[in-house]
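Residue-level structure breakdown
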There are 2 protein chains.
Amino acid sequence: MNLYQKTKSKLYINITNRLTNIFQPINVIPKDAQRKNQEIISKSHRLMLELGIIRQANPGSFHFLPLGVRALEKLLHLIDEEMLKIGAQKVILPTLTHSKLWKSTGRLQDFGSELFTVKDRHNQTYILSPTHEEAVSDLIASVSQMSYKEFPLKLYQTTNKYRDEIKPRFGLLRGRQFLMKDLYSFDVDVENARHSYEEVCDSYNNIFSRIGVPFYKAIGSVGAMGGSLSHEYHYKADIGEDQLISCSKCGFYANTDFGGSDKCSHCNSDNIDISTAIEVGHTFLLGDKYSKALMANYFNEKRRSVPLQMGSYGLGVSRILAAAIEVLSQEQEMRWPLLLAPYTVIIIPPKEGSKEEGVIHHLTEKVYALLETLPFLQNNILVDDRIQMTIGRRMIDARRVGYPFTIVIGSKCMEEKPIFELVDLQKNLTLNLYEEQLLLYLRDALKNVY
Amino acid sequence: MNLYQKTKSKLYINITNRLTNIFQPINVIPKDAQRKNQEIISKSHRLMLELGIIRQANPGSFHFLPLGVRALEKLLHLIDEEMLKIGAQKVILPTLTHSKLWKSTGRLQDFGSELFTVKDRHNQTYILSPTHEEAVSDLIASVSQMSYKEFPLKLYQTTNKYRDEIKPRFGLLRGRQFLMKDLYSFDVDVENARHSYEEVCDSYNNIFSRIGVPFYKAIGSVGAMGGSLSHEYHYKADIGEDQLISCSKCGFYANTDFGGSDKCSHCNSDNIDISTAIEVGHTFLLGDKYSKALMANYFNEKRRSVPLQMGSYGLGVSRILAAAIEVLSQEQEMRWPLLLAPYTVIIIPPKEGSKEEGVIHHLTEKVYALLETLPFLQNNILVDDRIQMTIGRRMIDARRVGYPFTIVIGSKCMEEKPIFELVDLQKNLTLNLYEEQLLLYLRDALKNVY
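Residues numbered from 1 in each chain as written. Chains lettered and ligands numbered in written order. Predicted model: local features only at pLDDT ≥ 70, side-chain atom pairs only at ≥ 80, totals over all residues. Heavy atoms only, no water.

One finds M48, M83, Y204, I211 and Y235 of chain A to be the most contacted residues of the largest nonpolar core, which totals 71 residues. In this structure, this core is formed jointly by two domains, domain 1 (70–327) and domain 2 (343–447) of chain A, each of which donates at least three residues. (Core = buried A, V, L, I, M, F, W, Y, C linked by side-chain atoms within 4.5 Å. Buried < 20%, exposed > 50% of the residue type's maximum accessible area, 1.4 Å probe, protein only. Domains from an automatic or database assignment.)

Expressed as a screw transformation, the operator carrying chain B onto chain A has a rotation angle of 180° and an axial translation of 0.0 Å, and the superposed copies differ by an RMSD of 0.0 Å. Taken together, these values place the two copies in the relation of a two-fold axis. Among all residues of chain B, the one whose C-alpha sits closest to the rotation axis is V118 of chain B, at a distance of 2.6 Å. Mapped onto chain A, 98% of the interface residues of chain B are again interface residues, and the two copies thus contact each other with one and the same surface. (Least-squares fit on C-alpha atoms with pLDDT ≥ 70 in both. Contact = heavy atoms within 4.5 Å.)

With that settled, the discussion passes to the pattern of salt bridges. Residues and elements named next belong to chain A. In this structure the tally under the stated criterion is 62 salt bridges over all chains. For the salt bridge of D444 with K447, the shortest nitrogen-to-oxygen distance reads 3.6 Å. Of the two residues, D444 and K447 are both situated in helix α13 (residues 435–447); the distance of three residues between them amounts to about one turn of the helix. For D444, a relative accessible area of 36% gives the class partly exposed. A relative accessible area of 47% means that K447 is categorised as partly exposed. Because the salt bridges share partners, they merge into one network encompassing R46, E50, E331 and R400. (Salt bridge = Lys/Arg side-chain N within 4 Å of Asp/Glu carboxyl O. Helix = DSSP H or I, 4+ residues; strand = E, 2+ residues; numbered from the N terminus.)

The next point concerns helix α2 (residues 66–85) of chain A. Between its first and last C-alpha atoms α2 of chain A spans 29 Å; for 20 residues at 1.5 Å apiece the expected length is 28 Å, and the two agree. Residue G87 of chain A follows α2 of chain A closely and has a positive phi angle near 70°. (Expected span 1.5 Å × (residues − 1).)

Below, the discussion takes up the domain arrangement of chain A. Considered domain by domain, chain A is made up of domain 1 (70–327) and domain 2 (343–447). When each unit is reduced to the centre of its C-alpha atoms, the spacing between domain 1 of chain A and domain 2 of chain A is 42 Å.

Time to look at the interface of chain B and chain A. Facing 61 residues of chain B, the contacting portion of chain A comprises 60 residues. Summed over both sides, the interface of chain B with chain A buries roughly 5100 Å², with 56% coming from carbon and sulfur. When the buried area of chain B at its contact with chain A is split by residue, F23, I92 and R121 of chain B rank highest and sum to 14% of it. There are 22 residue pairs in polar contact (both at pLDDT 80 or more) connecting chain B and chain A. A per-element tally of the side of chain B that touches chain A places helix α2 (residues 66–85) of chain B first, with five residues. (Buried area = accessible area lost by both parts, 1.4 Å probe. Polar contact = N/O pair within 3.5 Å; in protein donor to acceptor, adjacent residues only side chain to side chain.)

This part takes up the packing of aromatic side chains. This model, assessed by the stated rule, comprises 19 aromatic pairs over all chains. Seen in terms of ring centroids, F208 of chain B and Y235 of chain B are 6.0 Å apart; in terms of plane orientation they differ by 80°. Their pairing is edge-to-face. Of this pair, F208 of chain B sits in helix α6 (residues 190–211) while Y235 of chain B sits in strand β10 (residues 229–236), and the two are 27 residues apart along the sequence. Exposure remark for Y235 of chain B: the relative accessible area of 0% places this residue in the buried category. Through successive ring pairs, a cluster of aromatic residues spans Y204, F208, F215, Y233 and Y235 of chain A. Here the basic side chain of K236 of chain B rests over the ring of Y216 of chain B, its NZ or CZ set 4.2 Å away from the ring centre. For R303 of chain B, the ring lying beneath its charged end belongs to F299 of chain B, and the centroid distance is 4.6 Å. (Phe/Tyr/Trp six-rings, centres within 6.5 Å; stacked < 30°, edge-to-face > 60°. Lys NZ or Arg CZ within 6 Å of the ring centre and 35° of its normal.)

Residue and element names in this part refer to chain B. Taking strand neighbours across the sheet as the criterion, the five strands line up as β18-β17-β19-β20-β21 in an open arrangement whose pairing is mixed. Edge positions in the sheet fall to β18 (381–383) and β21 (429–434), since each of these pairs with one other strand and no more. Sheet twist, expressed as the average angle between the axes of neighbouring strands with direction ignored, equals 25°. By the bridge criterion, four bridges tie strand β19 (residues 405–408) to strand β20 (residues 419–424) in an arrangement that is antiparallel. (Pairing = 2+ DSSP bridges. Axes fitted to C-alpha atoms, helices over the stretch in contact; angles between N-to-C directions.)

With 95% of its residues at a pLDDT of at least 70, chain A reaches an overall mean of 93. Overall fold confidence for the complex sits at a pTM of 0.96, while the interface term, ipTM, reaches 0.95. (pLDDT = per-residue confidence, 0-100.)

Attention shifts here to the side chain of N380 of chain A. Residue and element names in this part refer to chain A. Structurally, N380 can be placed in the loop between α11 (362–371) and β18 (381–383). One polar contact links the side chain of N380 to the main-chain carbonyl oxygen of F376, over a distance of 2.9 Å. Not counting residues up to four positions away in its chain, the partners in contact with N380 are N17, R70, K74, P342, Y343, T344, V345 and Y450.

All names here are of chain B. Within the open sheet, the three strands sit side by side as β4-β6-β5. Their pairing is antiparallel. Of all the strands in the sheet, the pair left with one neighbour each is β4 (96–98) and β5 (117–119). Neighbour to neighbour, the strand axes of the sheet diverge by 40° on average, direction disregarded. Bridging between β5 and strand β6 (residues 125–128) involves three bridges; their strand directions are antiparallel. Note on β6: the bridge partner recorded for T117 is I127.

This part takes up unusual backbone geometry. All names here are of chain A. Cis geometry is adopted by the peptide bond preceding P152, which originates at F151 and carries an omega value of 5°. Mapped onto the secondary structure, P152 falls in the loop between α5 (133–142) and β7 (153–162). Positive phi, normally seen in glycine, also occurs at N268, with a value near 70°. Relative to the helices and strands, N268 is located in the loop between α7 (256–259) and β13 (272–287). In this structure N268 comes out as exposed when scored by relative accessible area, which is 52%. One non-glycine residue, N379, lies in the positive phi region at around 55°. Within the element layout of this structure, N379 appears in the loop between α11 and β18. Owing to a relative accessible area of 29%, N379 belongs among the partly exposed residues under this scheme.

Here it is as structure tokens:
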């Protein structure tokens, strides 16, 4: 199946964002494929491979191709916007953490064979960090004489994390390298730490609300991370590896790890439901487990050195992307959250040699320029310049890849006042609109999400 | 020295970008410091540590603190803008590359003990990639049936790279983890590859021109990378590890590795100069060394499978930042390229309890809001809210950290029509300006760089 013929059109060369410019290798995967090393293919995994969003490099390890990078960067941008609102500051901690730090917190043993380790030429052992509680505590500990006045402090990063999974599976959902956004909060006492915890949780609620996929916040188990309180963010999906118990009476959600599966641990009702879900975020109120072990202290008003109270908050960035696609897509058609689609709009110009082409092909560049006046559509519109293909065929492809809005420059554009066909994939609507209506429609559809 | 007192002012809490909100641990390093493991401190290394831009985690491995991240992200943004202009597409290749790929190109041996390697639970050996020629060739090879119509293709990424340096030194200039932007070009024949090579080199010229630090493009040796042609980009600095030979007659530049150090290898003149320089970029016309070894082929018009012609183009992103600071800074005062300063403008409001404070402190938020109307100053202005300190003391700190523009809300703002003091650090000018003049001055100063 030669879905993407790459013959470039000479007509739209002033537009950088042309489909034939994009490296998007199409790759058909046989049904019921079982990849080597026990990897199992989920719907999102299959669609992302088939449609050239990612490509497997090694078991549990993927190349992000250009459309995948665009979606990821949109998610990173959204996260950065929300982090700015709560005064969280971005840092970059090194990938390699010295094993001695993990020894001091006991996690070298807890994580065991899931850790990738590397020895340097001086025979020092480093960990390819799956998370950075040790590293960030050591950073804070290295700053001498921090005063109580410098807190609260919230540091975050979005970096690759590593885990030598026994069974990498479902593509980005359980990989051996994954992109994670991790935030660490530092406070002078339990009450302030609790306040930071609520503030970050609210911010994560906003992030998930803006992504738009229905999410469920559940009480979780603190597990090997430690601490006194933990919440998880979930998307419901059959392929999930977690079970959530939800109470129809009081609305309480918990992971069955934490809350059992018989009755509601909050109101004791047995009017409960169990659902399968994918964990996409996890927050922990850590207490002083890490700060004590690594001496991340501050000086209080009496100039006494006291361990900081910490929180840790993870968002599985690459996992959110895959899980959202898993939830939203159909078997043969990929769907993205509106904010994360690699391009929000795709324009389909007339077929080469058609009677329309000679008369109205110039409308493509005109509409492109018009829509680019909307700030959130800048560098966010794609032209499908495979004009040797029929409009209908290209519309099918646009649906499959899941661009939220498709604009067709077709026969109705031959009218004295051109009429554009707009397909709104999320609302499942096709509309015939004049140019100015098109602009207004897109402005209104997008103004609430951007 | 308690340079940064952190007592937060209650006056400017509506402004997120306040100095007391920033995690910027000040850290005084004794003169002639020799760090453990032979690490040597250069001016940029020392200033970046002292002023809380980076912090050492392990030998050759650094935390980027919030101001450092801001500068890095500005550089990444600049690079992305230039990449879009030449139609290069962003990808993300995994950090870990299977050692078998490096074996097939012979580089497992060439790099030897400089490679960090890791074994997974199945006893497979992976490399923490210092560069990705093998990985990207393998990616292209995995796409079946690529046609000549799909080329030229230019893929790039900006990711962490790893090298187990014998002697990490000069901070970010020679670290064991570093941020690199690497681009790979694929073409159907030597002539087209040469064209891509010129195009990317032109783009790199633009990037270095926009950064604004004087740079020198020299012929370089292809070394272990292989290929037929190579250029290097350099900043001149005493601590550099390269020697450039330049010809006063024909203007030719070469690395002495390639061009000897006696006479010009271009015009044979012995009217030459030798200077010490830091390599900040390197380009290679690779030929088919990697594509042949890894079967990165395409089908030509006769449906015959032919190895692709490749190019490889690296920019040392974290190194550019440090090298620019090395070139521009004075011993005790850091200087940034205008485009890369963590904040372009810093505003210094009146001292607490001064006669000015009661009357004009509101001008701070007013000027802040006014300047934010300039698109390139959005989220790019900092308020120094350490109002317990004198204006003069805060001006000294602003100079030390090197914010390009300082605006003082001082006694001259008490006039009926307030006059603002503006310090332009790059031009070494202090100006007294009315509000509208301030806006015009900054707009003009910045419009050519953004």
